[in-house]
Amino acid sequence: MKEVKVTSTVTVYDNMSQLSLIEQTVMKKAIDMLDNVYAPYSEFYVGAAVLTDAGNIYGGCNQENASYPLCMCGERVALYNAGANEPNTPIQVLAIAVHNPKKFIDKPISPCGACRQVISEFAMRHKQDFPILLKGGGEMIYRLESSKELLPFGFDSKYL
Ligand code: THU
């Protein structure tokens, strides 16, 4: 028997100005997407933006439904928006911004398990991993270098 330790690394920035200019632009788009959220049930707002290698930015935000299981996360809307518009272009960066009007959450919030799986598929599909930027209600930004930092023991197509 042996124990194997799996670790993740997160880089913590005090604020957005410490990111590269292009990453600041992608995060700004994610923040802008918070205005378009449709979340009347949870009132939990998630905006996201994807920069492709072609230099285009695709936004997304959570889309809820009275039939709760049909709700779709903001980061998945952004990724599928990019995938629908540029099916063959790898992704350069994903930014996710969260706002909870009912409860101030200072620190960045991590994507749900389903979104981690979808993020990993985009990295696999284009054979190119990409950084993920996270922002909560405060100034602080978390930067994960790749999807593997979010989902270290992931399931993927190589097992099929
Ligand atoms: N949500 C996201 O958009 N992304 C996540 O990673 C977690 C949760 C949304 C789904 C739902 O509209 C609301 O937040 C509360 O779960």
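Residues numbered from 1 in each chain as written. Predicted model: local features only at pLDDT ≥ 70, side-chain atom pairs only at ≥ 80, totals over all residues. Heavy atoms only, no water.

*Asks:* Is there a simple way to think about helix 1 (residues 21-33) in this case?
*Replies:* Since one α-helical turn is 3.6 residues long, residues separated by three or four positions face the same way. Over its 13 residues, helix 1 runs 19 Å from end to end, which matches the ideal 18 Å to within 8%, given 1.5 Å per residue. Among the residues of helix 1, those classed as buried are Glu 23, Gln 24, Val 26, Met 27, Ala 30 and Met 33. In the core, the buried residues of helix 1 are packed alongside strand 2 (45-52), strand 3 (57-61), strand 4 (91-99), strand 5 (132-135) and strand 6 (141-144). (Helix = DSSP H or I, 4+ residues; strand = E, 2+ residues; numbered from the N terminus. Expected span 1.5 Å × (residues − 1). Buried < 20%, exposed > 50% of the residue type's maximum accessible area, 1.4 Å probe, protein only. Contact = heavy atoms within 4.5 Å.)

*Asks:* When you look at the site of the ligand in this model, what are you seeing that I'm missing?
*Replies:* In the region of the ligand, the neighbouring residues are Ser 42, Phe 44, Val 46, Asn 62, Glu 64, Cys 73, Gly 74, Glu 75, Pro 111 and Cys 112. A distance of 2.4 Å separates an oxygen atom of the ligand from a polar side-chain atom of Glu 64. Residue Glu 75 places a side-chain N or O atom 2.8 Å away from an oxygen atom belonging to the ligand. Taken together, the residues of the shell around the ligand sort by class into five nonpolar, three polar and two charged. (Near = heavy atom within 4 Å. Polar contact = N/O pair within 3.5 Å; in protein donor to acceptor, adjacent residues only side chain to side chain. Nonpolar A, V, L, I, M, F, W, Y, C, P; charged D, E, K, R; others polar.)

*Asks:* Which parts of the structure should I look at to understand the environment of Gly 59?
*Replies:* Mapped onto the secondary structure, Gly 59 falls in strand 3. Spatially, the C-alpha atom of Gly 59 lies 9.9 Å from that of Ile 96, the residues being 37 residues apart in sequence. Those residues in contact with Gly 59, other than ones at most four positions away along the chain, are Lys 29, Met 33, Ala 48, Ala 49, Val 77, Ala 78 and Asn 81.

*Asks:* What is the right way to read the sheet that holds strand 6 from this model?
*Replies:* Sheet strands line up and pair through hydrogen bonds in the backbone, either parallel or antiparallel. Across the sheet, which stays open at both edges, the six strands sit in the order 1-6-5-4-2-3 with mixed pairing between neighbours. Of all the strands in the sheet, just strand 1 (11-13) and strand 3 have a single pairing partner and so form its edges. Averaged over all pairs of adjacent strands, the angle between their axes in this sheet comes to 20 degrees, without regard to strand direction. Relative to strand 6, strand 5 runs antiparallel, the two sharing four bridges. Across the sheet, the residue bridging to Ile 132 is Leu 144, located in strand 6. (Pairing = 2+ DSSP bridges. Axes fitted to C-alpha atoms, helices over the stretch in contact; angles between N-to-C directions.)

*Asks:* Would you mind going over the packing of aromatic side chains with me for this structure?
*Replies:* For any pair of aromatic rings, geometry is given as the distance between the ring centres together with the angle between the planes. All chains considered together, the criterion is met by three aromatic pairs. Ring centres 5.6 Å apart and planes at 50 degrees place the aromatic pair Tyr 41 and Tyr 68 in the tilted group. Here Tyr 68 lies in the loop between strand 3 and helix 2 (74-85) and Tyr 41 lies in the loop between helix 1 and strand 2, a separation of 27 residues in the sequence. (Phe/Tyr/Trp six-rings, centres within 6.5 Å; stacked < 30°, edge-to-face > 60°.)

*Asks:* I would appreciate a short explanation of the state of the cysteines in the present structure.
*Replies:* Disulfides are covalent bonds that link the sulfur atoms of two cysteine residues. Going through the model one piece at a time under the given rule, you end up with zero disulfides. Take Cys 115: it sits in no disulfide, and the sulfur closest to it among the cysteines is that of Cys 73, at 3.7 Å. When its relative accessible area of 0% is taken as the criterion, Cys 115 is described as buried. (Disulfide = S-S within 2.5 Å.)

*Asks:* What is the right way to look at the nonpolar core in this model?
*Replies:* Most often, soluble globular proteins have nonpolar side chains that are buried together. Ranked by internal contacts, the top residues of the largest apolar core, which has 21 residues, are Val 50, Leu 79, Leu 94, Ile 96, Ile 119, Phe 130 and Ile 132. Residue assignment for this core shows that the elements contributing at least two residues are strand 2, helix 2, strand 4, helix 3 (113-125), strand 5 and strand 6. Judged by nonpolar contacts, the second largest core, of 14 residues, contains Met 27, Val 93, Ala 97 and Leu 133. (Core = buried A, V, L, I, M, F, W, Y, C linked by side-chain atoms within 4.5 Å.)

*Asks:* Is there a simple way to think about the pairing of strand 6 in this case?
*Replies:* It is a general feature of regular strands that their side chains alternate between the two faces of the sheet. Judged by which residues are buried, strand 6 turns out to be covered on both faces: Ile 141 and Arg 143 on one side and Tyr 142 and Leu 144 on the other are all buried. In terms of strand pairing, strand 1 meets strand 6 through three bridges, oriented antiparallel. Following the sheet pairing, Tyr 13 is matched in strand 6 by Ile 141. The antiparallel pairing of strand 5 with strand 6 creates a hairpin that spans five residues between the two strands.

Everything listed is a geometric property; what it means functionally is a separate question.
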